[in-house]
Number of protein chains: 2
Amino acid sequence: MDLKSTLRQIPGFPKPGITFIDITTLINKPDAFEWTVNELYKPYEGQKIDKVVCIESRGFIFGAPLALRLGAGMVIVRKPNKLPADTYSYTYELEYGQDSVEIHKDAIGEGERVVVVDDLLATGGTVDATMKLLKNFDCQVEGISFVVELTFLKGRDKLKPIPVHSLVTFDSE
Amino acid sequence: MDLKSTLRQIPGFPKPGITFIDITTLINKPDAFEWTVNELYKPYEGQKIDKVVCIESRGFIFGAPLALRLGAGMVIVRKPNKLPADTYSYTYELEYGQDSVEIHKDAIGEGERVVVVDDLLATGGTVDATMKLLKNFDCQVEGISFVVELTFLKGRDKLKPIPVHSLVTFDSE
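Values in this document were obtained by computation on a predicted structure and should not be read as measured data. (Residues numbered from 1 in each chain as written. Chains lettered and ligands numbered in written order. Predicted model: local features only at pLDDT ≥ 70, side-chain atom pairs only at ≥ 80, totals over all residues. Heavy atoms only, no water.)

**A look at the overall build of chain A**
Broken down by element type, chain A carries four helices and nine strands. Listing the helices and strands of chain A from first to last along the sequence gives β-β-α-α-β-α-β-β-β-β-α-β-β. In terms of overall size, chain A behaves like a compact globule, its C-alpha atoms giving a radius of gyration of 16 Å where 173 residues would be expected to give roughly 16 Å. Across its three principal axes, chain A shows a C-alpha extent of roughly 40 × 40 × 30 Å. When the 173 residues of chain A are sorted by exposure, 53% land in the buried category. Here the analysis covers contacts within chain A between residues at least 6 apart in sequence; of these, 55% occur between residues at least 24 apart. Considering chain A, the positive charge centre built from 20 side chains and the negative charge centre built from 25 side chains are found 2 Å apart. (Helix = DSSP H or I, 4+ residues; strand = E, 2+ residues; numbered from the N terminus. Rg over C-alpha atoms; globule rule 2.2 N^0.38 Å. Buried < 20%, exposed > 50% of the residue type's maximum accessible area, 1.4 Å probe, protein only. Contact = heavy atoms within 4.5 Å. Lys, Arg positive; Asp, Glu negative; His and termini not counted. Charge placed at Lys NZ, Arg CZ, Asp CG, Glu CD.)

Spelled out as structure tokens, the structure:
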């Protein structure tokens, strides 16, 4: 399937100089959405995965069906003050200011095998922060999966040596 | 399945006097998550549903697998300035202040049959606002589904005459 053609590119969103890759046009089409989840599943087929860690909030859209397909539990990583029980938190630097991500302390058990999912890999700041959160657990990250990867931003380099999978790449702005 | 036992109740979150119903402990258990999606699906089994409208952000967790199960497209309703293309917006009153929800103008086609999903029905403010958003489309809402319903808040009354389905009810605070 030509998945790229189901994505909508929106220049100037959320600010000038950025072209936003909109996945709402993909999930609006049942065959494209189904195909996407199948493709996200393939690298882990036959593996025992215990938890799928999904990054707020578009990561939930793809991570929830992937968790069900893998027979794994779903774990959510959220912005501060959204998760109600005891959390680990990690604060990271943005171009201007800071941001934080949180995960429930009881989200992942000892020795569990984990997959991380988000819709899009850009500079990799949020997913790298998620990897830092996961260091609080005695778990093994088997892979990190994205629907879209902006390869020219080299976010993948931050995530070595974990295997990174993406379905659609954009090589330039 | 005793789904209620998989939910975690957190008194005093997000503020004193409120008991938060935490679904992260449900989705963490693959069998409970799978069972939940199956039960959400049942009222619509055999019906032709075109779109599943999912309310940010916990609605994405349950709505995405439901859309796939129904062979429907997924539509997301979000807080302001998150959706990148042209949107309809609806502003509603909260106890203190206002809030808004948005939907892409091209999210739903003429004559389409729609299901609305969120994790929890409390006073019904957000889902009622979502129903107002849907009045911009020539679509038919076949049902509104929740995992949890706080029946003592009577949110269901706001949604008449659309059929409302919920899997777990709490009758008092």
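**Some words on the interface of chain B and chain A**
Taken together, the contact between chain B and chain A spans 36 residues of the former and 36 residues of the latter. Summed over both sides, the interface of chain B with chain A buries roughly 2900 Å², with 63% coming from carbon and sulfur. A per-residue breakdown of the area chain B buries against chain A is headed by N28, L68 and P84 of chain B, which together make up 21% of the total. Remark: the boundary between chain B and chain A carries two salt bridges. Where R8 of chain B meets D106 of chain A, a salt bridge forms, and the shortest distance between an N and an O atom there is 2.7 Å. Inspection of the region where chain B meets chain A yields 14 residue pairs in polar contact (both at pLDDT 80 or more). (Buried area = accessible area lost by both parts, 1.4 Å probe. Salt bridge = Lys/Arg side-chain N within 4 Å of Asp/Glu carboxyl O. Polar contact = N/O pair within 3.5 Å; in protein donor to acceptor, adjacent residues only side chain to side chain.)

**Overview of the packing of aromatic side chains**
Counted under the stated rule, the structure contains six aromatic pairs over all chains. A ring pair is formed by F13 of chain A and F20 of chain A, whose centres lie 5.1 Å apart and whose planes are at 85°; its orientation type is edge-to-face. Summarising the burial analysis for this pair, F13 of chain A and F20 of chain A share the class buried. Measuring from ring centre to ring centre gives 5.4 Å for Y88 of chain B and F137 of chain B, while their planes differ by 90°; the resulting arrangement is edge-to-face. Of this pair, Y88 of chain B sits in strand β5 (residues 87–93) while F137 of chain B sits in the loop between α4 (125–134) and β8 (140–150), and the two are 49 residues apart along the sequence. The buried category is assigned to F137 of chain B, whose relative accessible area is 9%. Above the plane of the ring of Y41 of chain A lies R69 of chain A, whose end atom (NZ or CZ) is 5.8 Å from the centre. (Phe/Tyr/Trp six-rings, centres within 6.5 Å; stacked < 30°, edge-to-face > 60°. Lys NZ or Arg CZ within 6 Å of the ring centre and 35° of its normal.)

**Regarding the relation of the copies chain B and chain A**
Each copy of the sequence occupies a distinct position, and chain B is placed on chain A by a rotation of 180° and an axial shift of 0.0 Å, giving an RMSD of 0.0 Å. The transformation just described matches what one would write down for a two-fold rotation axis. Ranked by how close their C-alpha atoms come to the rotation axis, the residues of chain B are headed by P65 of chain B, at 2.6 Å. Interface overlap between copies: 100% of the residues of chain B at the interface are likewise at the interface in chain A, consistent with a symmetric, same-surface contact. (Least-squares fit on C-alpha atoms with pLDDT ≥ 70 in both.)

**Points about the pattern of salt bridges**
All names here are of chain B. Across all of its chains, the model carries 27 salt bridges over all chains by this definition. In this structure, E34 engages R69 in a salt bridge whose closest nitrogen and oxygen atoms are separated by 3.5 Å. Highlighted residues: E34 in helix α2 (residues 30–41) and R69 in helix α3 (residues 58–70), separated in sequence by 35 residues. According to the relative accessible area criterion, E34 is partly exposed, its value standing at 29%. With relative accessibility at 32%, the residue R69 sits in the partly exposed group.

**Quick notes on helix α2 (residues 30–41) of chain A**
Between its terminal C-alpha atoms α2 of chain A stretches 17 Å, which fits the 16 Å expected from 12 residues at 1.5 Å a residue. Those residues of α2 of chain A that sit buried are A32, F33, T36, V37, E39 and L40 of chain A. Looking down the long axis of α2 of chain A, one finds its buried residues gathered within 165° of arc, a one-sided arrangement. Buried residues belonging to α2 of chain A abut α1 (24–27), α3 (58–70), β8 (140–150) and β9 (164–170) of chain A together with α3 and β4 (73–77) of chain B. (Expected span 1.5 Å × (residues − 1). Arc of directions from axis to C-beta.)

**Digging into the pairing of strand β6 (residues 98–104) of chain A**
Successive side chains on a regular strand alternate, one facing one side of the sheet and the next facing the other. Residues and elements named next belong to chain A. Judged by how many residues are buried, β6 sits mostly within the fold: five of seven residues are covered. Sheet topology places strand β5 (residues 87–93) next to β6; seven bridges connect them, and they run antiparallel. Looking across to β6, one finds that E93 is bridged to Q98. Counted between consecutive antiparallel strands, the loop separating β5 from β6 contains four residues, among which G97 sits at a positive phi close to 95°. (Pairing = 2+ DSSP bridges.)

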